[in-house]
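# Close look at the chain arrangement
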Amino acid sequence: MPKKIAIIGSGMMGSALAFPAFENGNEVRLVGTPLDREIIDECRKVGKHPKFDYPFPVGVKYYQFEEWKEAVEGVDFVIGGVSSFGVDWFLEEVLTYLDPSVPVLSVTKGLINLEDGTLISYPDYWERELSKKGIVREVCAIGGPCTSYELVYHDQTEVAFCGKNTKVLKMMKEAMQTSYYHISLTNDVIGLESAVALKNGYALAIAMTIGLVNRHHGPEAGLHFNSQAAAFYQGVKEMRYLLEMQGASRDCENIGIGDLYVTVYGGRTRKVGILLGEGKTYQEAMDILAGVTLESLVVSRRVYAAMEKKAERGLVDLKKFPMLCHAAAVLDKGADAELPWEAFTFDETK
C-alpha cells in the first residue's frame, strides 16, 4: 500500500532518497532546511536538484522549512536528511515538535563521544535528549555503501535500515525498496551506526595514499594500488577492533567495510584525503574545499578523543590504532600525511 513520506533536509542524500521513495508509488514531500532555500526554489522552478544530473520524478512536492508542519501532516514516516552538523538543529527544530507517533528514519552518519569515552549513535543521542523533555521516541537509521549521485543514477545499491521496532522497519523497507535499492534490516542500531560512521575516518587516511603517490611520483603517475590496499587492510583491521568494542554484529561490520570501499573511491572524504597526502596543510585543504560538507573529519576527531579517554582509563591500547592516531595527528597537530607503514605490520611467529 503506498505511503506518504516527508523528507526533511534537501541535501544530496536526503534528496536522492526521493527517487526510490517516489518510484515505489509513494507520495513524497521534500522539505528544505533554512540552508536549503535556494535548492527548494530551484526544485520548484525546474524539478531538479542543482547538484544532480537527473530531474526528480514528476509529482514530488517541495516545501520550504517554514512549511514543514504542513508537509508532515498525515505522513506515514519522516526521513531526516540533515548532515552531522545539523544533528542538534534537527533535534530542536523538528524532533521536539514532531508527533512522537510518526516514525523517523535518519540518513545522518556519525557518533558522539561521551565524557567517559563511550561512543553513542545519533538515534541514541536524540532519544536521550528527547527523554529529558518528556518525549518518548525511537529513531531508525539508514547505513551502508551508498553515494547520493549513484543512487540517483539508479546504480544497484545495498543498504541496511536499523531500529528497535521491527514492524516499523518492515513498513519502511516495503515503502522504499526498488529494483535497484535493496534493504537489509537489523535491530543492531549501535552496530550499524558505528560501522558506517567509523568508515569515514578511515577512508580519509586511505585516500591520503592517493595524494602521496601524486606527491612522490607526480600527478601523471596514475593510481598505485599497493599502498591503497595496505592502508585499506589496516583501516579494516582497526574498524574491526572498534566494532568489537561497540558490540556490532558481523553483518553490520561487513556493511561498514562495504561503505569504507565506496567512500574511498567515490566520496567527498576522498578529496580531502588526497589534498592532505599531496602535502597540503589542513587549513589549505579546507580553503580549497570550501563549502563541501566533510563529516569524516568530525568522526575522526570524536573517535580519537574517545579512544584517548579509554586509553587513560586503561581500557584500550592506542598502539592498536596507529592509523586512527595518524589521522588525528595530521588533522590537529600538523603531522605529515605519510602513513606509519611499519606500525601496520604484525608478527605472529612463535
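Let me sum up the structure you'll find in this document.

Reading the values: the criteria
- Residues numbered from 1 in each chain as written.
- Predicted model: local features only at pLDDT ≥ 70, side-chain atom pairs only at ≥ 80, totals over all residues.
- Heavy atoms only, no water.
- Buried < 20%, exposed > 50% of the residue type's maximum accessible area, 1.4 Å probe, protein only.
- Helix = DSSP H or I, 4+ residues; strand = E, 2+ residues; numbered from the N terminus.
- Pairing = 2+ DSSP bridges.
- Right-handed = clockwise from strand over helix to strand, strands pointing away.
- Lys, Arg positive; Asp, Glu negative; His and termini not counted.
- Salt bridge = Lys/Arg side-chain N within 4 Å of Asp/Glu carboxyl O.
- Contact = heavy atoms within 4.5 Å.
- Axes fitted to C-alpha atoms, helices over the stretch in contact; angles between N-to-C directions.
- Parallel < 35°, antiparallel > 145°, perpendicular 65-115°, else oblique.
- Left-handed = near helix turned anticlockwise from the far one by under 90°.
- Nonpolar A, V, L, I, M, F, W, Y, C, P; charged D, E, K, R; others polar.
- Phe/Tyr/Trp six-rings, centres within 6.5 Å; stacked < 30°, edge-to-face > 60°.

### Comments concerning the pairing of strand β9 (residues 157-162)
In terms of residue burial, β9 counts as a mostly covered element, since 5 of its 6 residues are buried. Bridging between strand β8 (residues 139-143) and β9 involves 3 bridges; their strand directions are antiparallel. Opposite Ile142, over in β9, you have Phe161 as the bridge partner. In this region the chain leaves β9, passes through helix α8 (residues 166-176) and returns to the parallel neighbour strand β10 (residues 181-186); the handedness of that crossover is right-handed.

### Comments concerning the side chain of Arg270
Structurally, the position occupied by Arg270 is in helix α12 (residues 268-277). Of the side chains with opposite charge, Glu278 comes closest to the buried, unpaired Arg270, at an N-O distance of 9.9 Å. Not counting chain neighbours up to four residues away, the residues in contact with Arg270 comprise Ala207, Ile210, Leu223, Thr263, Val264 and Tyr265.

### Digging into the packing of helix α5 (residues 87-95) against helix α6 (residues 122-132)
Packing of α5 against α6 brings their axes to within 11 Å, and their N-to-C directions diverge by 45°. Relative to α6, the element α5 lies oblique. Judged by the twist between their axes, the crossing of α5 over α6 is right-handed. On α6, the residues that touch Val87, Asp88, Phe90, Leu91 and Leu95 of α5 are Tyr122, Tyr125, Trp126, Glu129 and Leu130. Per-class residue counts for the contact of α5 with α6 are 8 nonpolar, no polar and 2 charged.

### Topic: the pattern of salt bridges
Evaluation of the coordinates by the stated rule reveals 16 salt bridges. One salt bridge connects Glu27 with Lys61, and the closest N-O pair in it is separated by 3.3 Å. Residue Glu27 is located in strand β2 (residues 27-31), and its partner Lys61 is located in strand β3 (residues 61-63); the two are separated by 34 residues in the primary sequence. Each of Glu27, Arg29 and Lys61 takes part in salt bridges that share partners, so that together they form one network.

### Side note on the packing of aromatic side chains
Remark: the centre distance and the inter-plane angle together describe each pair of aromatic rings, the angle taken between the planes. One pass over the full model with this rule turns up 11 aromatic pairs. Arranged with centres 6.1 Å apart and planes meeting at 80°, the rings of Tyr241 and Phe321 form a pair that is edge-to-face. A residue pair is termed long-range when its members are at least 10 positions apart, and Tyr241 in helix α10 (residues 225-245) and Phe321 in the loop between α14 (295-312) and α15 (322-332) qualify at 80 residues. Taken together, Phe19, Phe52, Phe56 and Tyr62 form an aromatic cluster joined through their ring pairs.

### Considerations on the sheet that holds strand β5 (residues 104-106)
Here we have 8 strands laid out as an open sheet, ordered β3-β2-β1-β4-β5-β8-β9-β10, and mixed in their pairing. Sheet topology places β3 and β10 at the edges, where each strand pairs with a single neighbour. Each neighbouring strand pair of the sheet contributes to a mean axis angle of 25°, computed without reference to strand direction. Of the pairings in the sheet, the one linking strand β1 (residues 4-8) to strand β4 (residues 77-80) comprises 4 bridges and is parallel in character.

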